[in-house]
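As a plain string of letters, each chain reads:
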There are 2 protein chains.
Amino acid sequence: MPQSTLVSAAMLAIGDELLSGRTKDKNIGHLADVLTLAGIDLKEVRIVADEEDAIVEALNALRGRYTYVFTSGGIGPTHDDITADAVSKAFGLPCVHDDKAMQMMAEMYARRGLEFTEARQRMARMPEGAEHIPNAVSTAPGFRVENVYVMAGVPQVFQAMLEEVTKTLKSGVKVLSRAIACPYGEGEIGTDLAAVQKAHPETSIGSYPRYDGSKGFHTELVVRARSEEVLNAAVVAVEEMIAAIKSSKTVTLEA
Amino acid sequence: MPQSTLVSAAMLAIGDELLSGRTKDKNIGHLADVLTLAGIDLKEVRIVADEEDAIVEALNALRGRYTYVFTSGGIGPTHDDITADAVSKAFGLPCVHDDKAMQMMAEMYARRGLEFTEARQRMARMPEGAEHIPNAVSTAPGFRVENVYVMAGVPQVFQAMLEEVTKTLKSGVKVLSRAIACPYGEGEIGTDLAAVQKAHPETSIGSYPRYDGSKGFHTELVVRARSEEVLNAAVVAVEEMIAAIKSSKTVTLEA
């Protein structure tokens, strides 16, 4: 795996409601899917409350370490939406009402016959000089500062913004993967699987236990590699391993 | 809110599969629900890959900062299950095959007529001296070292372990909460809501936008407080705010 092509990312999900259980996050899994398809390695996720210090600290820890950082949540119009302030603070920039955002939003609310309230104007605030992330659902833009992409928490809006962002990201070499259903639990295959992994060092073989009350434990094995050839060799080895376990069981039954 | 009764917690979810999107986490939301009921404030969540350095670093950052840390994942029998090693390293303890766990598991596999393989024996490994967390689903125990609770990633097992753990935790003063459905979007209520929050400083009022393609934005408002009296006063104020917006709209229509 050529290291130079690795593109890494982190996510920072912001919101008390995710930590109280009131809202079950849907954005982490979606981002993970989208980045995997783009060949970008999501390496770390953090969820923090709507507290400025917590957001600033997490953001500064992540943005220095990964190619990209994506945030969700806290850019709405209410008093507990403080992400724009916190991102500004993290970058040492003033948080301002962005002229272009104010104009777009004023026009949209006028078209809809709604007042462009002080609260709604909060959604035009961002670090000075930030680049907009278009919002096809509800106009109020997300924004980018350097390698940090600040997006909404409402899943429909997060997804719409991410779709715009994804077009602009540099992709890594895509990780190829193959899933293999294995009818045995991890306890039965663990030692053999470790040997297969050792014999195929350029792959990453993941083992994901599934539990089903009636059938007990079975396993999904996922082989990942950055070339088709390397991938295929390891997949064959895993399939041979499963066949060998199966035939050893048959022998036992017949014996 | 008396600070002395606040009990805080963090979660560390471990596993490549959560970051690739292959598995959508179900444990974070469940832990959040359980802790909220117990009056324990979940303050931070991190998700990291099956990489020893990443686990050790996150664990050491979290365990010094919060009353409790709960981990999920990476305690199965395969080569990519390295949580026991990483937790041992974080505490500077040797990672050993625990005698009692070995015995319990040997008995269970014997009863089921299954071999107690080297891979299965991996699940008896834990930092020397760790306390068991019972596993009613599949025997192999989780474990506790100081304020860190190490549990399985499979949701059925995580939930069974957490149920055992919850009985032993000290509870904080429970946060009372009341949800109020608000038919208006955040942009319409933001300014008034900020005034209500300011007038009720002992409460925390959260505003959670919901988007419905046909109806547009509406909002769930959640008032939280640690006494019934304080809670009620703020709930009345929020309801009055919504009624005032409603009547101002009626006047506008009639005018």
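Rules behind the numbers
- Residues numbered from 1 in each chain as written.
- Chains lettered and ligands numbered in written order.
- Predicted model: local features only at pLDDT ≥ 70, side-chain atom pairs only at ≥ 80, totals over all residues.
- Heavy atoms only, no water.
- Helix = DSSP H or I, 4+ residues; strand = E, 2+ residues; numbered from the N terminus.
- Rg over C-alpha atoms; globule rule 2.2 N^0.38 Å.
- Buried < 20%, exposed > 50% of the residue type's maximum accessible area, 1.4 Å probe, protein only.
- Contact = heavy atoms within 4.5 Å.
- Areas by Shrake-Rupley, 256 points an atom, 1.4 Å probe, with all protein chains shown as cover.
- Lys, Arg positive; Asp, Glu negative; His and termini not counted.
- Charge placed at Lys NZ, Arg CZ, Asp CG, Glu CD.
- Domains from an automatic or database assignment.
- Buried area = accessible area lost by both parts, 1.4 Å probe.
- Salt bridge = Lys/Arg side-chain N within 4 Å of Asp/Glu carboxyl O.
- Nonpolar A, V, L, I, M, F, W, Y, C, P; charged D, E, K, R; others polar.
- Pairing = 2+ DSSP bridges.
- Axes fitted to C-alpha atoms, helices over the stretch in contact; angles between N-to-C directions.
- Least-squares fit on C-alpha atoms with pLDDT ≥ 70 in both.
- Expected span 1.5 Å × (residues − 1).
- Bend = angle between axes of the 7 residues up to and from the residue.
- Polar contact = N/O pair within 3.5 Å; in protein donor to acceptor, adjacent residues only side chain to side chain.

Right, let's talk about the overall build of chain A for a bit. A tally of regular secondary structure across chain A gives nine helices and 11 strands. For chain A, whose C-alpha radius of gyration is 23 Å, the value lies well above the compact-globule estimate of 18 Å for 255 residues. With the principal axes as the frame, chain A shows a C-alpha extent of 80 × 45 × 35 Å. Taken over 255 residues, chain A has a buried fraction of 52%. Contacts in chain A between residues far apart in sequence, at least 24 positions, make up 67% of those at least 6 positions apart. Accessible surface, chain A as shown: approximately 11200 Å² in total, 52% of it carbon and sulfur. On chain A, the mean spot of the 26 positive side-chain charges and the mean spot of the 35 negative ones are 2 Å from each other.

Attention now goes to the domain arrangement of chain A. By domain assignment, chain A separates into domain 1 (3-166) and domain 2 (176-254). Here the C-alpha centre of domain 2 of chain A lies 39 Å away from the C-alpha centre of domain 1 of chain A.

Attention now moves to the interface of chain A and chain B. Facing the 61 residues of chain A at the interface are 61 residues of chain B. A combined buried area of about 4900 Å² lies between chain A and chain B, and 53% of that area is made up of carbon and sulfur atoms. It is Leu19, Arg22 and His79 of chain A in chain A that bury the most area against chain B; as a group they hold 13% of the surface buried on that side. The tally of links between chain A and chain B comes to 10 salt bridges. The residue Asp33 of chain B makes a salt bridge to Lys24 of chain A at a minimum N-O spacing of 3.0 Å. For the side of chain A that touches chain B, the element with the highest residue contribution is helix α8 (residues 186-199) of chain A, accounting for eight residues. Across the side of chain A that touches chain B, the residue classes tally to 23 nonpolar, 18 polar and 20 charged. Across five bridges, strand β2 (residues 41-48) of chain A lies against strand β2 (residues 40-48) of chain B in antiparallel orientation. Paired with Arg46 of chain A across the strands is Arg46 of chain B, a residue of β2 of chain B.

So, on to the sheet that holds strand β9 (residues 176-182) of chain A. Residue and element names in this part refer to chain A. One open sheet accounts for three strands, arranged β9-β11-β10; its pairing is antiparallel. Edge positions in the open sheet fall to β9 and β10 (204-212), since each of these has one partner strand only. Across the sheet, the mean angle from the axis of one strand to that of its neighbour is 20°, orientation sign disregarded. Its contacts with the sheet place α8 against β9, β10 and β11 (216-225), and it is angled at close to 170° to β10.

Once that is clear, we can look at the relation of the copies chain A and chain B. Once chain A is rotated about the relating axis by 180° and shifted along it by 0.0 Å, it coincides with chain B to within an RMSD of 0.0 Å. Between the two chains, the operation in question is that of a two-fold axis. Minimal C-alpha distance to the rotation axis in chain A is attained by Arg46 of chain A, lying at 2.2 Å. When the interface residues of chain A are mapped onto chain B, 100% of them again fall at the interface, so both copies present the same face.

Glancing now at the sheet that holds strand β11 (residues 216-225) of chain B. Residues and elements named next belong to chain B. Across the sheet, which stays open at both edges, the three strands sit in the order β9-β11-β10 with antiparallel pairing between neighbours. Edge strands, defined here as strands with exactly one partner in the open sheet, are β9 (176-182) and β10 (204-212). Strand-to-strand twist of the sheet, defined as the mean angle between neighbouring strand axes without regard to direction, takes the value 20°. For β10 and β11, the ladder comprises nine bridges, and the chain directions are antiparallel. Bridging from a neighbouring strand, Pro209 pairs with Thr219 of β11. Packed onto the sheet, helix α8 (residues 186-199) meets β9, β10 and β11 and runs at close to 170° relative to β10.

This brings us to the pattern of salt bridges. If you walk through the whole model with that rule in mind, you get 32 salt bridges over all chains. Measuring nitrogen to oxygen at the nearest pair gives 3.3 Å for the salt bridge that ties Lys167 of chain A to Glu164 of chain A. For Lys167 of chain A, a relative accessible area of 63% gives the class exposed. With a closest N to O distance of 2.4 Å, Glu188 of chain A and Lys249 of chain A form a salt bridge. Remark: Lys249 of chain A occurs in helix α9 (residues 228-254) and Glu188 of chain A occurs in helix α8; sequence separation between them is 61 residues. Under the relative-accessibility criterion, Glu188 of chain A is labelled partly exposed at 23%. Relative accessible area serves as the criterion here: at 29%, Lys249 of chain A is assigned to the partly exposed category. Overlapping salt bridges bring together Glu44, Arg46 and Arg65 of chain A together with Glu57 of chain B as one network.

Residues and elements named next belong to chain B. With respect to the element layout, Lys174 can be found in the loop between α7 (155-166) and β9. For the pair Lys174 and Leu37, spaced 137 residues apart in the sequence, the C-alpha separation amounts to 7.1 Å. Discounting residues that sit within four places of it in the chain, Lys174 has contacts with Leu37, Ala38, Gly39, Ala225 and Arg226.

Residues and elements named next belong to chain B. Helix length check: α8 (14 residues) gives 19 Å between terminal C-alpha atoms against 20 Å at 1.5 Å per residue, within 8%. Maximum bend of α8: about 35°, positioned at Asp192. For α8, the full list of buried residues reads Glu186, Gly187, Ile189, Gly190, Leu193, Val196 and Gln197.

Residue and element names in this part refer to chain B. With 13 residues, helix α5 (residues 99-111) should reach 18 Å at 1.5 Å per residue; the first-to-last C-alpha distance of 18 Å fits that figure. Buried residues along α5 sit in contact with α6 (118-122), β5 (125-127) and β6 (131-133). The N-cap of α5, judged by a side-chain oxygen 3.2 Å from the amide nitrogen of Lys100 a few residues on, is Asp98. In the segment just after α5, Gly113 is the residue with positive phi, at about 70°.

Tracing the chain through its elements places Pro127 of chain B in strand β5. Here the alpha-carbon distance between Pro127 of chain B and Ile245 of chain B, two residues 118 residues apart in the chain, equals 59 Å.

Note on placement: Met151 of chain A falls in strand β8 (residues 148-151). When near neighbours in sequence (up to four residues on either side) are disregarded, Met151 of chain A contacts Phe70, Thr71, Ser72, Gly73, Ile75, Ile133, Phe158, Met161, Leu162 and Val165 of chain A.

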